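# Understanding the architecture of this molecule
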Amino acid sequence: MLTDTTGSPYAKVHALDGMKVKWTGGLWKERFDTCANSTVPQLKHMFDSKDISHVVENFKICAGDAEGDFDGTVFGDGDFYKWMESAIYTAYQTDNQLLKEEIENYIDLIGRAQQPDGYLSTKQIIGERTGNGVSRMGDINDFEVYNFGHMFTAACVHKRITGKNNFLTIAAKTADYLEHLYEEAERTGEVQTAVCPSHYMGLVEMYRTTGDKRYLKLAKQAIALRDSVKNGMDDNQDKIPLKQHEKILGHAVRANYLYAGVADLCLEEEDPDYMEVLHKVWRSLVDKKLYITGGCGALYNGASPYGYFLTISLCIRLMVMNISFRISRHIMRPVHLWAVFFGRTACSSWSQRQSTLIFWNE
């Protein structure tokens with residue numbers, strides 16, 4: 001549901017339309033029911049709670065519906081958009097009218113929180129309003145563009161499932177802001193890495209959803225600008241130019257975002273150099289860093305489940321391009337799918353020691 005490659009010229013296979021598939025029994029029907037009946041409602045409760053996450057409250061403050069200061073995680077906006085993807089799919093699969101209405105109310109709130117120039121990240125909006133010293137694009141670890149990217153993807157899912165333009169219109173305004181930001185970065189040469197760059201995938205999906213090539217151009221520009229980052233680090237995969245990457249290093253979640261975004265670009269536009277990089281880092285990942293748990297890093301510090309699904313996100317994109325026939329031997333055995341799906345619950349003794357956060361230098 002997250003991607004639509006039916007019109008992608010370099011895609012070898014395409015996913016089924018998730019809205020036309022229904023589980024009738026067995027393991028996956030049980031998992032879907034658990035997600036729809038328990039996971040999605042519980043996450044909604046957590047996002048709505050001022051005391052648990054403060055995420056929806058942050059949007060309300062930005063929209064002028066509430067007073068107060070920012071609280072919660074800097075990537076809370078993006079995590080909320082990820083929840084919205086699942087909520088949209090679940091609501092329309094189960095014909096949950098109440099959830100459909102609540103989703104539309106959230107979209108209205110997000111639109112009212114958005115700034116006139118398209119900017120939309122709650123910590124910075126509240127910071128600029130209160131004068132607490134927090135401002136836009138001041139710290140790459142504030143995850144602003146990460147928040148943008150997941151909003152792009154959620155808006156595309158909403159458009160494809162509902163046919164409505166209201167969420168996509170918000171996303172388009174934020175993409176306009178990003179376009180101006182990158183134009184200024186090219187002019188001045190002052191470029192920052194966007195950690196966990198979800199916007200690469202999000203912008204390509206905006207292109208697939210709207211047909212506007214401006215979004216594909218913007219995704220290509222965003223990826224290319226990484227090569228202008230000064231004093232880069234392995235942790236952010238920006239120490240050397242992207243086309244010189246030969247092995248997968250640094251922060252595993254950030255790497256999976258990066259290479260999945262490059263893979264999305266390569267599904268739309270031929271680039272032999274980027275394809276060569278994807279082949280190299282994929283072999284580095286699969287041959288030297290992938291565990292039976294589905295994790296791909298050497299250390300554990302509490303975020304391991306996230307890396308499982310990002311690894312699968314990258315895997316799916318490379319399978320769509322038919323990048324390697326050896327994928328099935330390493331990834332698609334039932335034991336791997338089982339471990340990836342159930343994560344720490346099924347394979348806790350492995351995942352506690354060997355999960356997703358840091359790649360080592362082989």
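Small disclaimer: the values here were computed from a predicted structure and weren't measured.

One pass over the full model with this rule turns up 27 salt bridges. Close ionic contact of R208 with E268 constitutes a salt bridge, the shortest N to O distance being 2.7 Å. Placement of the pair is R208 in helix α8 (residues 198-210) and E268 in helix α10 (residues 252-268), with a sequence separation of 60 residues. Looking at R208, the relative accessible area reads 14%, which means it is buried. A salt bridge links D273 to K243, with the nearest nitrogen and oxygen atoms 3.7 Å apart. With D273 in helix α11 (residues 272-288) and K243 in the loop between α9 (213-225) and β1 (250-251), the pair connects residues that are 30 residues apart, well separated along the chain. With a relative accessible area of 41%, D273 lands in the partly exposed category. Residue K243 is classed as partly exposed on the basis of its relative accessible area of 40%. One connected set of salt bridges, linked through shared partners, spans R160, E205, R208, D264 and E268.

Turning next to helix α6 (residues 144-162). Taking 1.5 Å per residue as the helical rise, α6 with its 19 residues ought to reach 27 Å, and the 27 Å between its terminal C-alpha atoms agrees with that figure. With 17 of 19 residues buried, α6 is to be regarded as a mostly interior element.

Below, the discussion takes up the environment of Y259. Mapped onto the fold, Y259 is located in helix α10. Overall, the relative accessible area of 1% leaves Y259 in the buried class. When the C-alpha atoms of Y259 and V281 are compared, they prove to be 8.4 Å apart, with 22 residues separating the residues in sequence. Engagement of the side chain of Y259 in a polar contact is seen with the side chain of H245, the distance being 2.7 Å.

In terms of nonpolar packing, the biggest core is built from 80 residues, with F80, M84 and F167 touching the most fellow members. In this view, F80 contacts F47, V55, V56, F59, Y106 and I110; residues no more than four positions away in its chain are not counted. Listed in part, the nine residues of the second largest apolar core include F143, Y146, V253 and A260.

Moving on: α10. Compared with the 24 Å implied by 1.5 Å per residue over 17 residues, the 25 Å span of α10 between its first and last C-alpha is a close match. Counting buried positions along α10 gives 17 out of 17 residues, so the element sits mostly inside the fold.

Further remarks concern the layout of surface pockets. Estimates place the volume of the second largest pocket at around 400 Å³. Of the residues forming the lining of the second largest pocket, the biggest block, four residues, is contributed by helix α7 (residues 166-188). Split by residue class, the lining of the second largest pocket holds 15 nonpolar, three polar and five charged.

Another aspect to go through is the packing of aromatic side chains. This model, assessed by the stated rule, comprises 15 aromatic pairs. Relative to F143, the ring of F75 has its centre 5.4 Å away and its plane inclined at 70 degrees; by these criteria the two rings are edge-to-face. Note that F75 is positioned in the loop between α2 (55-63) and α3 (76-94) and F143 in the loop between α5 (122-130) and α6, a separation of 68 residues in sequence. Residue F75 is classed as partly exposed on the basis of its relative accessible area, which comes to 31%. Since its relative accessible area comes to 13%, F143 is described here as buried. For the ring pair Y146 and Y257, a centre distance of 6.0 Å and an interplane angle of 85 degrees mean the geometry is edge-to-face. Here Y146 is found in helix α6, whereas its partner Y257 is found in helix α10, with 111 residues between them in sequence. Y146 gets classed as buried once you look at its relative accessible area, which sits at 3%. Residue Y257 is classed as buried on the basis of its relative accessible area of 1%. Feature note: the residues F47, F59, F80, Y81, W83 and Y106 constitute an aromatic cluster, connected by ring pairs. Its guanidinium or amino end placed over the ring of Y119, R136 lies 4.2 Å from that ring's centre, counting from NZ or CZ. Over the aromatic face of Y274 sits the side chain of K243, whose NZ or CZ is 4.6 Å from the ring centroid.

Atom-level detail of predicted coordinates should not be read off regions where pLDDT is low. When pLDDT is averaged across the protein, the result is 85; 80% of the residues are at 70 or more. Long-range and interchain partners of residues 302-309, a stretch whose pLDDT sits below 50, account for 23 contacts in this model, where long-range means more than four residues apart. The low-confidence segment residues 324-362, where pLDDT is below 50, has 116 contacts with residues more than four positions distant or belonging to other chains.

Interaxial distance between α9 and α10 falls to 11 Å at its minimum, and their mutual angle equals 135 degrees. Here α10 runs oblique to α9, going by the angle between their axes. When you trace α9 past α10, the crossing you get is left-handed. For the pair formed by α9 and α10, the contact residues are L216, K220 and I223 on the first element and G261, V262, L265 and E268 on the second. Split into classes, the residues belonging to the contact of α9 with α10 amount to four nonpolar, one polar and two charged.

Turning our eyes to something else, we now look at unusual backbone geometry. Its identity is not glycine, yet D95 carries a phi of approximately 55 degrees, on the positive side. Tracing the backbone shows D95 in the loop between α3 and α4 (97-113). Even without a glycine there, the phi angle at C196 is positive, about 50 degrees. Residue classification places C196 among the buried positions, given a relative accessible area of 5%.

The rules behind the values
- Residues numbered from 1 in each chain as written.
- Predicted model: local features only at pLDDT ≥ 70, side-chain atom pairs only at ≥ 80, totals over all residues.
- Heavy atoms only, no water.
- Salt bridge = Lys/Arg side-chain N within 4 Å of Asp/Glu carboxyl O.
- Helix = DSSP H or I, 4+ residues; strand = E, 2+ residues; numbered from the N terminus.
- Buried < 20%, exposed > 50% of the residue type's maximum accessible area, 1.4 Å probe, protein only.
- Expected span 1.5 Å × (residues − 1).
- Polar contact = N/O pair within 3.5 Å; in protein donor to acceptor, adjacent residues only side chain to side chain.
- Core = buried A, V, L, I, M, F, W, Y, C linked by side-chain atoms within 4.5 Å.
- Contact = heavy atoms within 4.5 Å.
- 1 Å grid on protein atoms, 1.4 Å probe; cavity = no way out; pocket = protein on both sides within 12 Å on 5 of 7 lines; lining within 4 Å.
- Points joined across faces, edges and corners; volume = space filled by probe spheres on them.
- Nonpolar A, V, L, I, M, F, W, Y, C, P; charged D, E, K, R; others polar.
- Phe/Tyr/Trp six-rings, centres within 6.5 Å; stacked < 30°, edge-to-face > 60°.
- Lys NZ or Arg CZ within 6 Å of the ring centre and 35° of its normal.
- pLDDT = per-residue confidence, 0-100.
- Axes fitted to C-alpha atoms, helices over the stretch in contact; angles between N-to-C directions.
- Parallel < 35°, antiparallel > 145°, perpendicular 65-115°, else oblique.
- Left-handed = near helix turned anticlockwise from the far one by under 90°.

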